[in-house]
Amino acid sequence: MARTVRDVVFVDGVRTPFGKAGGMYAETRADDLVIRCIRELLRRHPELPPERVDEVAVAATTQTGDQGLTIGRTAALLSGLPKTVPGYAIDRMCAGAMTAVTTVAGGIALGAYDVAIAGGVEHMGRHPMGEGVDPNPRILAEKLVDPSALVMGSTAENLHDRVPAVTKERSDAYALASQQKVAKAYAEGKIQRDLVTMATRSDEGWGLATRDEAPRDTSLEKLATLRTPFRPFGRVTAGNSAGLNDGATAAIIAAEDVARELGLPIGMRLVSFGFVGVEPEVMGYGPIPSTEKALAKAGLGIDDIGLFELNEAFAVQVLAFLDHFGIADDDPRVNPWGGAIAMGHPLASSGVRLMTQLARHFEERPDVRYGLTAMCIGIGMGGTVIWENPNWEGEK
């Protein structure tokens, strides 16, 4: 039987403010973070009947405790969706939410369902990265990977070794720019639209999270003094890396014809995506070949991309990407509102943050047709998704 592949669109996305691990969300359950996001999406879009949601995919890297028990299903139930709506959990470490989106998008394109919710959550304060894992000893004994591959900061130092043109000074300068861009975006009211307020609790009583906890006022002089915990006289510091964070994201993904039928907004149209494996010891290199793969599948070149949302796990990872593609460190197309070095990177949730921000940029930039979201992924992978701007005013 012949099948017609349907166009898939990103309707809308939201996120909690990102907290420092063990910070403002220390007494908040992980599942409540993503439940809050799903509820807010449904509140913002009353034109979407809850029974029309066909699937809920929620990513978490550490799938245990309040991030376990098939969190996509339990979050769907606790969000008030009908009991007939199924859900599942997904894990691709840092690219969990990105993979949740591409996975449901494949089902929508095939016609398995019409509308889905995809997102991710990570409570790194409650569930530190690596909690409860038991790596098969053969992976090290048989020298399939170097021990440094299991320590993300060490992989960033390894990447510095591979790309010596990316110095510590460049990484610090990039990190400072990220902090400054986030501060400017907050001052101009750009980021607040994406955030859902979240109740918090501490010894002082109840509070309300309304903005990211991690951004800080710094300088090149301060950044230069930070220690390099992964290697003596190294180049990776807490200042030029994303922190350990708590937070959640969620997005509505739909078939374009169904979105139009229901009156849902169309934030951007999925063009292509690519995931790749690279040497685990230099996992930060991953977005380079994943972007080449996604571009090839779309029949596009890097010059066709007018906006980039790159996850800033480490400054060196972004700078290696920019150098490879001949893009300047301060190119205004890259992370216009800053990135994870300032906002934070609650592992599995970050992919949808990138997508939501790209959709907002598209609204303001009808002159840009294509944008991409990309990120490095632990254990040696990269992921890239290319999107088309529905507001593009160029030649059709």
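Refer to the preceding data block for the structure.
This write-up is about the structure you can find in this document. Since this is a predicted model, take the numbers as computed values, not measurements.

1. A closer look at the overall build of the protein
Part 1: Looking only at helices and strands, the protein features twelve helices and twelve strands.
Part 2: Taking 2.2 N^0.38 as the reference for a compact globule, 396 residues should give roughly 21 Å; the C-alpha atoms of the protein span a radius of gyration of 20 Å, in line with that estimate.
Part 3: Structurally, the protein occupies a C-alpha span of about 60 × 55 × 50 Å along its principal axes.
Part 4: In the protein, which comprises 396 residues, the share counted as buried stands at 58%.
Part 5: When the accessible surface of the protein is totalled, it reaches about 15900 Å², and 53% of it is carbon and sulfur.
Part 6: Counting 40 positive and 51 negative side-chain charges, the protein places the centres of these two groups 2 Å from one another.

2. Observations concerning unusual backbone geometry
Part 1: One non-glycine residue with positive phi stands out, namely Thr 70, at about 45°.
Part 2: If you check the backbone angles, Ile 379 has positive phi at about 65° while not being a glycine.
Part 3: Its place among the elements puts Ile 379 in the loop between strand E11 (370-377) and strand E12 (381-388).
Part 4: The exposure class assigned to Ile 379 is partly exposed, which follows from its relative accessible area of 39%.

3. Structural notes on the pattern of salt bridges
A side chain of one charge can pair with a side chain of the opposite charge when the charged atoms of the two come close.
Part 1: For the coordinates displayed, the defined rule picks out 29 salt bridges.
Part 2: As a salt-bridge pair, Arg 235 and Asp 161 come within 2.6 Å of each other at their nearest N and O atoms. Of this pair, Arg 235 sits in the loop between helix H7 (220-224) and strand E8 (245-255) while Asp 161 sits in helix H5 (residues 152-162), and the two are 74 residues apart along the sequence.
Part 3: Two residues, Arg 193 and Glu 363, come together in a salt bridge whose shortest N-O distance is 2.7 Å. Of the two residues, Arg 193 sits in the loop between helix H6 (168-187) and strand E6 (198-202) while Glu 363 sits in helix H12 (residues 350-364), which places them 170 residues apart along the sequence.
Part 4: Here Arg 193 falls in the partly exposed class, since its relative accessible area comes to 42%.
Part 5: The exposure class of Glu 363 is partly exposed, given its relative accessible area of 41%.

4. Concerning the packing of aromatic side chains
Part 1: Taken as a whole, this structure holds four aromatic pairs when the rule is applied.
Part 2: With 6.0 Å between their ring centres and 80° between their planes, Phe 10 and Trp 387 make a pair best called edge-to-face. Here Trp 387 lies in strand E12 and Phe 10 lies in strand E1 (residues 8-15), a separation of 377 residues in the sequence.
Part 3: Given a relative accessible area of 0%, Phe 10 falls into the buried group.
Part 4: Classification of Trp 387 by relative accessible area gives buried; the value is 1%.
Part 5: Members of the aromatic cluster, each reached through a chain of ring pairs, are Phe 308, Phe 321 and Phe 325.
Part 6: The ring of Phe 18 has Arg 15 sitting right over it, with the charged end atom 4.5 Å from the ring centre.

5. Let's talk about helix H3 (residues 96-110)
Part 1: Compared with the 21 Å implied by 1.5 Å per residue over 15 residues, the 21 Å span of H3 between its first and last C-alpha is a close match.
Part 2: Of all 15 residues making up H3, twelve are buried, and the element is well covered by its neighbours.
Part 3: The positive-phi residue at the C-terminal boundary of H3 is Gly 111, with phi of around 95°.

6. Some details on H6
It helps to recall that an α-helix has 3.6 residues per turn; residues three or four apart then point in one direction.
Part 1: Here H6 is 20 residues long and its end C-alpha atoms lie 29 Å apart, about the 28 Å a rise of 1.5 Å per residue gives.
Part 2: Listed in full, the buried residues belonging to H6 are Lys 168, Arg 170, Ser 171, Asp 172, Tyr 174, Ala 175, Leu 176, Ser 178, Gln 179, Val 182, Ala 185 and Tyr 186.
Part 3: Here the buried face of H6 lies against H5, H7, helix H10 (315-324) and helix H11 (340-343).
Part 4: Downstream of H6 by one or two residues, Gly 189 has phi in the positive range, about 70°.

7. A word on the environment of Val 151
Part 1: With respect to the helices, strands and loops of the structure, Val 151 is situated in the loop between helix H4 (138-141) and H5.
Part 2: With a relative accessible area of 35%, Val 151 lands in the partly exposed category.
Part 3: Separated by 79 residues in the primary sequence, Val 151 and Phe 230 place their C-alpha atoms 8.6 Å from one another.

8. Considering the environment of Asp 66
Part 1: With respect to the helices, strands and loops of the structure, Asp 66 is situated in the loop between strand E3 (55-59) and helix H2 (71-78).
Part 2: Given a relative accessible area of 6%, Asp 66 falls into the buried group.
Part 3: Put simply, Asp 66 and Ala 185 are 119 residues apart on the chain and 32 Å apart in space, counted from C-alpha to C-alpha.
Part 4: Contact partners of Asp 66, with chain neighbours within four places excluded, come to Arg 29, Ala 30, Asp 31, Ile 71, Arg 126 and His 127.
Part 5: Polar contacts involving the side chain of Asp 66 include one to the side chain of Arg 126, which spans 2.7 Å.

9. Let's talk about the nonpolar core
Part 1: Counting residues in hydrophobic clusters, the biggest one holds 78 residues, and the most contacted among them are Val 56, Leu 81, Ile 117, Val 121, Ile 253 and Trp 387.
Part 2: In this structure, Met 152, Val 236, Leu 310 and Ala 320 belong to the second largest nonpolar core, which totals 35 residues.

Analysis parameters
Residues numbered from 1 in each chain as written. Predicted model: local features only at pLDDT ≥ 70, side-chain atom pairs only at ≥ 80, totals over all residues. Heavy atoms only, no water. Helix = DSSP H or I, 4+ residues; strand = E, 2+ residues; numbered from the N terminus. Rg over C-alpha atoms; globule rule 2.2 N^0.38 Å. Buried < 20%, exposed > 50% of the residue type's maximum accessible area, 1.4 Å probe, protein only. Areas by Shrake-Rupley, 256 points an atom, 1.4 Å probe, with all protein chains shown as cover. Lys, Arg positive; Asp, Glu negative; His and termini not counted. Charge placed at Lys NZ, Arg CZ, Asp CG, Glu CD. Salt bridge = Lys/Arg side-chain N within 4 Å of Asp/Glu carboxyl O. Phe/Tyr/Trp six-rings, centres within 6.5 Å; stacked < 30°, edge-to-face > 60°. Lys NZ or Arg CZ within 6 Å of the ring centre and 35° of its normal. Expected span 1.5 Å × (residues − 1). Contact = heavy atoms within 4.5 Å. Polar contact = N/O pair within 3.5 Å; in protein donor to acceptor, adjacent residues only side chain to side chain. Core = buried A, V, L, I, M, F, W, Y, C linked by side-chain atoms within 4.5 Å.

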